[in-house]
Amino acid sequence: KKYVAETDDLSNQVNILQCKIHELEIASNQVVGEKENLIHEMKKKQNKILVLNQEKEILVEEKTAEKEVMKRELEVIYSEKEKLLAHFEDCKQLNSQLAIKDDLISSLITEKDGQFLQIEKLNEKLQEAVISCKEATNEVSILDEQKKRLHHEKDA
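Residues numbered from 1 in each chain as written. Predicted model: local features only at pLDDT ≥ 70, side-chain atom pairs only at ≥ 80, totals over all residues. Heavy atoms only, no water.

S.K.: A description of the overall build of the protein chain should follow, citing residues and the corresponding values.
M.R.: In terms of regular secondary structure, the protein chain is built from one helix and zero strands. In terms of overall dimensions, the protein chain is more spread out than a globule: its C-alpha atoms have a radius of gyration of 65 Å, far above the 15 Å expected for 156 residues. Taking the principal axes of its C-alpha atoms as reference, the protein chain extends roughly 220 × 20 × 20 Å. By element, 60% of the accessible surface of the protein chain is carried by carbon and sulfur atoms, the whole surface being about 15,100 Å². (Helix = DSSP H or I, 4+ residues; strand = E, 2+ residues; numbered from the N terminus. Rg over C-alpha atoms; globule rule 2.2 N^0.38 Å. Areas by Shrake-Rupley, 256 points an atom, 1.4 Å probe, with all protein chains shown as cover.)

S.K.: Outline the pattern of salt bridges, listing residues and values.
M.R.: For the structure on display, the rule yields four salt bridges. The partner of Lys-63 in a salt bridge is Glu-66, with the nearest N and O atoms 3.5 Å apart. With Lys-63 and Glu-66 both in helix α1 (residues 2-155) and three residues apart, this pair spans about one turn of that helix. Residues Glu-80 and Lys-83 are paired through a salt bridge, measuring 3.7 Å at the closest nitrogen-oxygen approach. You can see Glu-80 and its partner Lys-83 sitting in helix α1, three residues apart, about one turn around the helix. Taking relative accessible area as the criterion, Glu-80 reaches 40% and is therefore assigned partly exposed. (Salt bridge = Lys/Arg side-chain N within 4 Å of Asp/Glu carboxyl O. Buried < 20%, exposed > 50% of the residue type's maximum accessible area, 1.4 Å probe, protein only.)

S.K.: Give a description of the environment of Asp-9 that names residues and reports values.
M.R.: In this fold, Asp-9 is placed in helix α1. In this structure the C-alpha to C-alpha distance between Asp-9 and Val-76, which are 67 residues apart in sequence, comes to 98 Å.

S.K.: Pulling in residues and values, what's your account of a nonpolar patch on the surface?
M.R.: A cluster of nonpolar side chains, namely Leu-74, Ile-77 and Tyr-78, defines an oily patch on the protein surface of about 320 Å² accessible area. Locating Leu-74 in the fold gives a position in helix α1. (Patch = residues over 30% accessible without salt bridge, like charges linked within 9 Å, V, L, I, M, F, W, Y side chains within 5 Å.)

S.K.: Please provide a residue-by-residue account of the environment of Lys-48, values included.
M.R.: Along the polypeptide, Lys-48 turns up in helix α1. Lys-48 sits in the exposed class, given a relative accessible area of 56%. Lys-48 sits 82 residues away from Val-130 along the chain, and the two C-alpha atoms are 116 Å apart.

Spelled out as structure tokens, the structure:
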């Protein structure tokens, strides 16, 4: 009986251990399943990271190309600015020269105006002289007439 009792007790312990082994197998299978799910999720995330990295590289290349285009455009703009500044300086010099010439023209006009006034005064004097000459000519004619008359009277 003692042997049967020990056998029954060992049988119970074996059953309990088999149950625990079964539970451990189930738990182990669950862990393996979770591990496989995590590996699958990790691979999906790695693929997503690869895609995102490729997109990032494309964006970086695009931005770099845009920066190069903008850099060239800025170089053109600066070149145009330099040309405009040089043109502006030329214009300032021309304006300065024009101002000098305007002053010269103004002084020449003033000088000419003075000369015209002198000419007008000389014309007035000339007209006065012409009038004096006509008067003197008239007086000479009158004197000639008187002289002729005196000669005629003397002859008569």
